[in-house]
Amino acid sequence: MKSYFSELFTGAWSLILGLKVTIKALVSPIVTVQYPREKIVVTPNYRGHIDLIKFADTGAHKCISCGSCMRECPSDCIVVEGEKREGVKGKVLTIFTLDFTKCSLCGACVEVCPTKALDYSNEYELAGSTREQFHFDLLKRVEERE
Amino acid sequence: METFYSILPELIRIVVCAVCGAVIVFGNALVMGYAERKLAGHIMLRPGPMEVGPHGIYQLVIDGLKLMGKQLVVPAKADPLLFRFAPLLAFAPVFVPLLVLPFSEKIQGFDLDIGLLVILALASINLLAILIGGWASNNKYSLFGVFRAVSQNVAYEIPMLLSLLAVVFMTNSFSLKAVVAAQSPVWFIVIQPLAFLIYLVSIVAETNRAPFDLPEAESELTAGFHTEYSGMSFSLFVLAEYANMFIVSSVATVFFLGGSSGIPLPYFEYSGIIWFMLKVYSLMFFLVWIRWTYPRTRFDQLMNFCWKYLIPFALVNLLITVVMVKLL
Amino acid sequence: MSMDVKALEDDRHHRYVLNMGPQHPSTHGVLRVLLELEGEYAMNLLPVLGYGHRCHEKIAEFKPAKSFMPNTARMDYLGALIYNHGFAQLLEKAAGIEVPERVEYIRVITSELNRIQSHLLWYGAYLLDLGAFTPIMYSFDDREHILDILEDVTGSRLTYCYFRVGGVSKDIDEKFVTGTRAFIKRLRSRFPMYEDLVNGNIILQKRLIDVGELTPHICARYGITGPLLRGTGVAYDMRRAEPYSIYSKFDFEIPTGTKGDCMASFMVRFHEMEQSLRIIEQALDGLPEGPIMAAKVPKKLKIPAGDYNSSVEAPRGELSYYLVSDGSDVPYRLKVRTPSYSNLSVIPEMCQGMLLSDVVSAMGALDLVIPEIDR
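Because the structure is a prediction, the values reported are computed rather than measured. (Residues numbered from 1 in each chain as written. Chains lettered and ligands numbered in written order. Predicted model: local features only at pLDDT ≥ 70, side-chain atom pairs only at ≥ 80, totals over all residues.)

Engineer: How should the overall build of chain B be read in this particular structure?
Structural biologist: Broken down by element type, chain B carries 14 helices and 0 strands. Traced from its N-terminal end to its C-terminal end, chain B shows the element sequence α-α-α-α-α-α-α-α-α-α-α-α-α-α. Projecting the C-alpha coordinates of chain B onto the three principal axes gives extents of approximately 60 × 55 × 45 Å. In chain B, buried positions account for 45% of the 328 residues. Here the analysis covers contacts within chain B between residues at least 6 apart in sequence; of these, 78% occur between residues at least 24 apart. (Helix = DSSP H or I, 4+ residues; strand = E, 2+ residues; numbered from the N terminus. Buried ≥ 20, exposed ≤ 12 C-beta atoms within 10 Å, placed from the backbone. Contact = placed C-beta atoms within 7 Å.)

What follows is the structure, given as structure tokens:
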């Protein structure tokens, strides 16, 4: 009999405590961001898809077409091809494509590159309607970037 | 022609009441739908609807238009007549209780001597509509929702009635106007706080709102009895739910909070409606508030709570009321 | 195993089969449970697995062992760093690589942050199953702070591939340390709010207490580990029982329950968050300087022939990796023993004769993550 009433009162009090929490939240400022009207600044360390870096001193990328990234990639999404041109020391990069539909953003390619030519981009607003939109041509991207 | 002119005022009254009833039902759904989503949003530390109109004011209007434009999908094996009939049955009885509510001293549809009985009787038809809808859907999940809805609604009507009966014993009348008039010096919530609390809990269960929303438990039953309904049929159920909330809150206002009484305003016989609406909407705010705070009860615990806690307390309260009325 | 469900004969013909299908709001992930219901009581439950099978263990047999690291995160997306940790530890044990001390500290700090994040998500999602719509928003708000801290150092928010064989890929900086300390303070101030809103709530207590009682004996039969086992009173935590990394240096308690019901494992997980905060604090205080990568890690990691095992304490229980190598850098066989697989197997016994709402409560208390069951 006693537990009947004590449970009733402790139960009712716990319910009132819960109401206090929610009413306090009702008058608190909101914590969400109205995307896409307002955007959050993404940290520069965010791992977007990889891009060839355009170095300021040479104005070009530093890829030597060694193919290490292609071999290290666990998902086989990089295709690197270079050719030997006369008068130029080492290979010249001709094809560098990334199939982003398979990439798992593990970072093996970035870490293994001997010339540190690759880095993550910051792109997170990637939406497309076909699979081909995610086959990035990184050579074209680095040449078109300022 | 003579008889037509003699009954013309009544005809006009009926038409005006019907139109006002429709305005109240749809206006209430608009306001409550928006208020619920905004309040839910801010309780969850987010802004709620913001896109359509400034701060999302037109959200419900666009929602209504969208729902009207949707295809009414009828499952192949569902009962064709009953499936289409259930939302109408849920929505239609909502208009009649609005006719007997005293919004202010002069604004009332019809002052029936048995006003309370009309309201309680028609509030139960909603349950029949849920039953028909869930059964006609030919869906095991809907059936589940309906099992629970039937037991829950039938059980919680008893404390609702018993708590209101305590007030009726004090005023000796079922007419809502008389109940409002009897609260002139002091509101009945002061004299009958226990009845008010019991009534408040019962209306949460009657309108199938959380924490008693087992019939439409989203996470267990994927939408319960209205799983198979889409478009306008679904929105009729929702409109009926909001209108039911309005009606039971109005009954609480009339019986416990003094109806339209309050600080006198000019033309108080007509402007009392402002106080009435304030009280009704603060009760509805309370209903929305508790929806977003508490988890769902388990079904047998819900029934236990009704039978072992609410009904004994309601009966004791009724007994004490009767004794006090006899003595005083 | 045949997939069609025949009509129930003999004395079970008055029951009906309800399919809590692969798409359901409260089976977290693609889990299908065939329920035989008698009215509202679940008489027989049959989990049907395999809807999320992605052949991770087979994939491991085709690639060099250290390329498997991103896959470990996909197996349990909520405890990704801890899965990374187990795998990195496995390969370091196999190849005989010694990691610097700073790496161990970083690994412990980030793993414990991951554990808190997993428990916060479980907390919110469990309450969403039970019908409370707001605590998930509050717990996700707290979780966002962890995700921001970890995003700054690892680059990802959910499926981390941060640990490497022999170290970690990026060093932590002052911003990480101050951010983590601020977060610890913030979460500690939020616990009273959770106690008020959720833990003490009479409705929640009525739904969780005495539901789905487990005993240590049942747990031993099914191989249940983690907070479920600790809820029955057995203080078995891999971080204490078989200490790995530097957990033996830290002073933390192992919360246990007594009754083994849903409430016990609920409170165990809730208190574990506080204990993880303690570990992080002690680790931050004792963080040494040093390199973040072991001295000599070969590029082609050849694993000597033999079998190797590594166990860690995942948020859901004991996670073990078992590697059989034939001497090359591609494993012969990698077996992952995930905790949710064993935890799931108890539901026919635990949920026998329960109401449907209780089945939902019990399954939520098991804290299942289906991708790690199906792998």
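Engineer: In this structure, what is going on with unusual backbone geometry? I would like to understand it.
Structural biologist: Note on backbone geometry: most residues besides glycine have negative phi, and most peptide bonds are trans. All names here are of chain A. Cis geometry is found at the peptide bond from tyrosine 35 to proline 36, where omega equals 0°. Along the polypeptide, proline 36 turns up in the loop between helix H1 (2-26) and strand S1 (50-52). Backbone geometry at aspartate 76 places phi at a positive 55°, although glycine is not the residue there. Position of aspartate 76 among the secondary structure elements: in the loop between helix H2 (68-72) and strand S2 (78-84).

Engineer: Hey, could you run me through the interface of chain B and chain A in this one?
Structural biologist: For interface size, the figure often reported is the accessible area lost on association. Facing the 12 residues of chain B at the interface are 12 residues of chain A. A total of 3 residues in the side of chain B that touches chain A trace back to one element, the largest contributor, which is helix H1 (residues 2-43) of chain B. Among the residues forming the side of chain B that touches chain A, the class breakdown is 9 nonpolar, 2 polar and 1 charged. (Nonpolar A, V, L, I, M, F, W, Y, C, P; charged D, E, K, R; others polar.)

Engineer: Sorry if this is basic, but what is going on with the interface of chain C and chain B here?
Structural biologist: Tallying the contact residues gives 26 residues for chain C and 22 residues for chain B. Listing elements by their share of the side of chain C that touches chain B, those giving two or more residues are strand S1 (16-20), helix H4 (101-130), helix H5 (135-154), helix H7 (202-208) and helix H14 (356-365) of chain C. Across the side of chain C that touches chain B, the residue classes tally to 14 nonpolar, 6 polar and 6 charged.

Engineer: Where do I start with the packing of helix H3 (residues 80-95) of chain C against H4 of chain C in this structure?
Structural biologist: Packed helix pairs are specified by the crossing angle of their axes together with the interaxial distance, meaning the distance between the axes. All names here are of chain C. Look at H3 against H4: their axes get within 7 Å of each other, and the N-to-C directions meet at 140°. As summarised for this structure, H3 and H4 are arranged oblique, according to the angle between their axes. Residues Ala80, Leu81, Ile82 and His85 of H3 pack against Arg107, Thr110, Ser111, Asn114 and Arg115 of H4. Of the residues in the contact of H3 with H4, the class split is 3 nonpolar, 4 polar and 2 charged. (Axes fitted to C-alpha atoms, helices over the stretch in contact; angles between N-to-C directions. Parallel < 35°, antiparallel > 145°, perpendicular 65-115°, else oblique.)

Engineer: Could you clarify how one ought to interpret the domain arrangement of chain A in this entry?
Structural biologist: Assigned domains within chain A: domain 1 (1-31) and domain 2 (50-144). Each of domain 1 of chain A and domain 2 of chain A has a C-alpha centre, and the two are 57 Å apart. (Domains from an automatic or database assignment.)

Engineer: It is not clear to me how the nonpolar core should be interpreted in this structure. Could you clarify?
Structural biologist: For soluble globular proteins, the rule of thumb is that nonpolar side chains tend to be buried together. Counting residues in each nonpolar core, the largest one holds 208 residues, and the members touching the most others are Ala252 and Phe255 of chain B together with Ala362 of chain C. Those residues within four positions of alanine 362 of chain C in sequence are excluded, and the remaining contacts are Val211, Gly212, Cys262, Ile347, Met350, Cys351 and Met354 of chain C. (Core = buried A, V, L, I, M, F, W, Y, C linked by C-beta atoms within 7 Å.)

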